[in-house]
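Here are the chains, one letter per residue:
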Amino acid sequence: MSSNESWFATCPKGMEGLLCDELSSLGAEDTRETVGGCHFTGTIAVAYRIALWSRLINRLLLVLGRSPCPDGDALLAAVGAVDWARYMQPENSLVIDFIGTHGAIRNTRYGAQLGKDAIVDYFSARGAGRPSVDTKHPDVRVNLRLRKGEVTVAIDFGGGSLHQRGYRTAQGAAPLKENLAAACLMRADWPGMAARGGALIDPMCGSGTLLIEAAAMAADLAPRLNRRNWGFQHLRVHNAAQWGALFKDAQGRAERGLAAQLPEIRGYDDSARVIDKARENIESAGLEKVVRVSRKPVGELVKPTHKPIPTGLLISNPPYGERLGSVDSLRHLYRKLGDVMLTEFTGWQAALLTGDKELGLATGLRSHRRYALYNGSLPVSLLLFELEQSSKLPEKPEPKPVDDPQQLSEAAQMLYNRLRKNRSKWDKWARKQGHECYRVYDADLPEYAVAIDRYGTHLHVAEYQAPASVAEERAAARMEDIRQVVPLAFECAGEQVHYKQRRRQRGRDQYKRQEARGELLNVREGRAELLVNLNDYLDTGLFLDHRPLRLKIAAEAGGTHFLNLFCYTATASVHAALGGARSTTSVDLSNTYLDWARSNFEANGLGASRHRLERSDVRSWLVECEREYDLILLDPPSFSNSKRMEGSLDIQRDHLELLELAMARLAPEGTLYFSNNLRSFKLDAAAGERWQLLDISRSTIDADFQRRPNIHRCWQLQHLKK
């Protein structure tokens, strides 16, 4: 296999151009970037070099063929047409990674099964043995990608994701992927700066990923020098002698690099526990003599003085509201960081990775360049700064508290008047309905794009992310108006108003911790006493738009066995229990939210004997479950790729499979409610053929949410009568 082959290297979005340049430097030819990766050609020796040395790659795929794929038969034919005996032995174990769906192949597991069958049939037809399936440690990982009616058949040459280096024994609350860290360092020209004798400091180093990647670049360490298991080692095309020579050369380069004079690389964090984790990772990477970390808050950061360092790079991935702190509470941290950057590190370069442009502005510094990247599914920005006085943004005067509506701007007075009107209307409505928690404003005035929910005497203000067409300064000014107007319009103290910035979420991002106050507020809904947290998470533990469905379940639960799938904080289970359910079972993957659910049960005097909380992946749990339930709530997230579950969950792609598993657990006369909040969701027509189906979306959206009627969709399912 010395001739050029076709390859595809995957990477996170935003890195494609960098990856193509890196692949070319490693010997790849005919590079062509596309969304999420780069096509190229090259020999197996080039592939070895890329697998060992690429700092940006996720997966390295050896492309075996592309074919039209209108249906399952075409998929079988496309996979079966590959000369598999050229690449693997019949006794090899394998696993199929199947990506994509269309009208005929609506389930990735079904696609993977067809792919496996085609490979097994290939060897059986030749009188050879049958490859076995091993989902955890396969010899060969086959990648099938279905897109735009065409299937691409490939072998995962590396045998798994190559972003992992093997040094991460411990990680902080929001770990940065190694290849994203490498991309940030490359964009900030750290390799060039290190060659010129510059230093590197990370003032909020977390688990140390940026520090370790920076040291590996400076010391010329191959990123996967410590990796022991490679997919290509089990392939028949593997050239052990060639690989051995490349690996030995990398070992020699590492020895010479570590023996050389390396730049100063330091990291700091305010948490001793986090520093201990960083130190573990640094030692695991063998870089404890190169990288030094210690505990120090941002405000005490100073430039190293023990030896002259004319220039350097200050780089960090500080918290930005999605995971480790709310946007509101982090402005002060960013401001302090900006002050330290300018006063202590004048003449240096700086790079900050943040998911919030407003926080970037909070540094008080003007970035000279911005790169769009992705941290998992979360869009982030890498901001580059020249630390000079000319980079300082003009000071903005602090807004003065307003206690008279006449002091407000004309636009803010319009908001004030609207909020007063809404307050009167919805408070009266809620008293009549007996609701304590409800929505009082939902971007009624488009220029003030927030949702305001009342929780007893407290208000939760969630700012929708401004569209790209709205200037950051204008959006920030509008938010300042809101901060002035809301306490005035609702006649409440400032500490009773809780501000968040809401973004388009994937999976359970909305459930990630933002702060750590741990303050729970007891509120009433129907007969239930429920605990909400208005500070620590983007959402509060109680989805107000689902109120009618929870109350419906309470009314129907008497004498039933109730099952709550993707239960979150199990508020529906509490309602079912108070409604007279004989038992409730609540299933979720998160320990945090199951603990919260337990507190909700305890707040209502409900014991654990009849109310089970199950920590499990819902699909796996349903497969193993053998009992029946009279009433089921299935309310999955739109998307999830939690490390604790097998594969990923895409509700549009996987909802029919989920419904099949859940309906198999529904008693013959039982009822299942299926709800989700994916705005573009379309229910598979096959559901209406298999079960008795009724769209009840409109009846499950109460008056306070009818301004946003597409906030969720809901169906009632029952078994067809025989």
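Basis of the calculations
- Residues numbered from 1 in each chain as written.
- Predicted model: local features only at pLDDT ≥ 70, side-chain atom pairs only at ≥ 80, totals over all residues.
- Heavy atoms only, no water.
- Pairing = 2+ DSSP bridges.
- Helix = DSSP H or I, 4+ residues; strand = E, 2+ residues; numbered from the N terminus.
- Axes fitted to C-alpha atoms, helices over the stretch in contact; angles between N-to-C directions.
- Contact = heavy atoms within 4.5 Å.
- Buried < 20%, exposed > 50% of the residue type's maximum accessible area, 1.4 Å probe, protein only.
- Disulfide = S-S within 2.5 Å.
- Phe/Tyr/Trp six-rings, centres within 6.5 Å; stacked < 30°, edge-to-face > 60°.
- Core = buried A, V, L, I, M, F, W, Y, C linked by side-chain atoms within 4.5 Å.

J.: Sorry, what's going on with the sheet that holds strand S9 (residues 199-202) here?
T.: Within a beta sheet, neighbouring strands are joined by backbone hydrogen bonds and run either parallel or antiparallel to one another. Strand order in the open sheet formed by seven strands is S11-S10-S9-S12-S13-S15-S14, with mixed pairing between adjacent strands. Each having just a single partner strand, strand S11 (291-295) and strand S14 (369-375) make up the two edges of the open sheet. Sheet twist, expressed as the mean angle between neighbouring strand axes with direction ignored, is 20°. Bridging between strand S12 (residues 312-316) and strand S13 (residues 349-354) involves four bridges; their strand directions are parallel. Of the residues in S13, the one forming a bridge with Leu 313 is Gln 349. Against the sheet, helix H7 (residues 209-218) contacts S9, strand S10 (265-269), S11 and S12, and its axis sits at roughly 175° relative to S10. Contacts from helix H9 (residues 272-284) reach S10 and S11, with the element oriented near 165° to S11.

J.: Before we go on, may I ask you to explain H7 in this structure?
T.: Since one α-helical turn is 3.6 residues long, residues separated by three or four positions face the same way. Burial analysis of H7 places nine of its 10 residues in the buried class, the great majority of the element. Asp 220 occupies a position one or two residues after H7 and carries a positive phi of about 60°.

J.: Looking at this structure, how should I read the side chain of Ser 391?
T.: As for its placement among the helices and strands, Ser 391 is situated in the loop between strand S15 (378-386) and helix H12 (410-433). Residue Ser 391 is classed as buried on the basis of its relative accessible area of 9%. When residues no more than four places from it in sequence are discounted, the contact partners of Ser 391 are Gly 364, Leu 365, Arg 366 and Glu 386.

J.: Just to check I follow, could you spell out the state of the cysteines for this structure?
T.: Within this structure, the stated rule accounts for one disulfide. Between Cys 20 and Cys 38 runs a disulfide, and the two sulfur atoms are separated by 2.3 Å. Handedness here is read from the sign of the S-S torsion; for Cys 20 and Cys 38, about 115°, the answer is right-handed. Of this pair, Cys 20 sits in helix H1 (residues 16-25) while Cys 38 sits in strand S3 (residues 37-42), and the two are 18 residues apart along the sequence. Comparing Cys 20 with Cys 38 shows no difference in burial state: the two are buried. No disulfide involves Cys 567; its sulfur sits 14 Å from that of Cys 625, the nearest cysteine. The buried category is assigned to Cys 567, whose relative accessible area is 6%.

J.: How should I be thinking about the packing of aromatic side chains in this particular structure?
T.: Given two aromatic rings, their pairing is described by the distance between the two centres and the angle made by the two planes. In this structure the tally under the stated criterion is 19 aromatic pairs. For the ring pair Trp 7 and Phe 40, a centre distance of 6.3 Å and an interplane angle of 10° mean the geometry is stacked. One end of the pair, Trp 7, is in strand S1 (residues 5-10); the other, Phe 40, is in strand S3, with 33 residues separating them in the sequence. Each member of the pair, Trp 7 as well as Phe 40, carries the same accessibility label: buried. Consider the rings of Trp 230 and Trp 243, whose centres lie 5.3 Å apart with planes at 65°: the pair is edge-to-face.

J.: Sorry if this is basic, but what is going on with the nonpolar core here?
T.: One broad trend across soluble globular proteins is that nonpolar side chains are buried collectively. By size, the foremost hydrophobic cluster in this structure holds 111 residues, and its most contacted members are Leu 60, Trp 84 and Trp 190. Per-element accounting of this core gives the leading share, eight residues, to helix H2 (residues 44-53). Sequence-distant contacts of Trp 190, defined by excluding residues within four places in its chain, comprise Leu 185, Gly 198, Ala 199, Leu 200, Ala 214, Met 217, Ala 218, Pro 263, Ile 265 and Leu 313. Judged by nonpolar contacts, the second largest core, of 28 residues, contains Ile 632, Leu 634, Leu 658 and Met 663.

J.: Hey, could you run me through H1 in this one?
T.: Looking only at H1, the buried set comprises Glu 16, Leu 18, Leu 19, Cys 20, Glu 22 and Leu 23. The inward-facing, buried residues of H1 contact S1, strand S2 (29-34), S3, H2 and helix H5 (178-187). One or two residues past the end of H1 sits Gly 27, with phi positive at roughly 110°.

J.: Would you explain the sheet that holds S1 in this entry?
T.: Overall, mixed pairing links the eight strands, which are arranged S2-S3-S1-S4-S8-S7-S5-S6 in an open sheet. In this open sheet, the two strands that pair with only one neighbour each are S2 and strand S6 (132-133). Relative to strand S4 (residues 59-68), S1 runs antiparallel, the two being bridged by four bridges. Looking across to S4, one finds that Trp 7 is bridged to Leu 62.

J.: Got a minute to help me understand the environment of Pro 318 in this structure?
T.: Here Pro 318 is to be found in the loop between S12 and helix H10 (327-344). Look at Pro 318 and you get buried, because its relative accessible area is 1%. In the structure, Pro 318 is positioned 16 residues away from Tyr 334 in sequence and 8.4 Å away in space, judged by C-alpha atoms. Apart from the residues within four sequence positions on either side, Pro 318 is in contact with Met 204, Tyr 334, Leu 352 and Leu 353.

J.: I'm lost on the pairing of strand S17 (residues 450-455) in this one. Help?
T.: Across a regular strand the side chains alternate sides, sitting on one face of the sheet and then on the other. Buried residues dominate S17, accounting for six of its six residues. Alignment of strand S16 (residues 437-442) against S17, held across five bridges, turns out to be antiparallel. Residue pairing across strands places Tyr 441 opposite Ile 452, the latter belonging to S17. Where S17 meets strand S18 (residues 458-464), six bridges bridge the pair, whose relative direction is antiparallel. Directly across from Ala 451, in S18, lies its bridge partner Ala 462.

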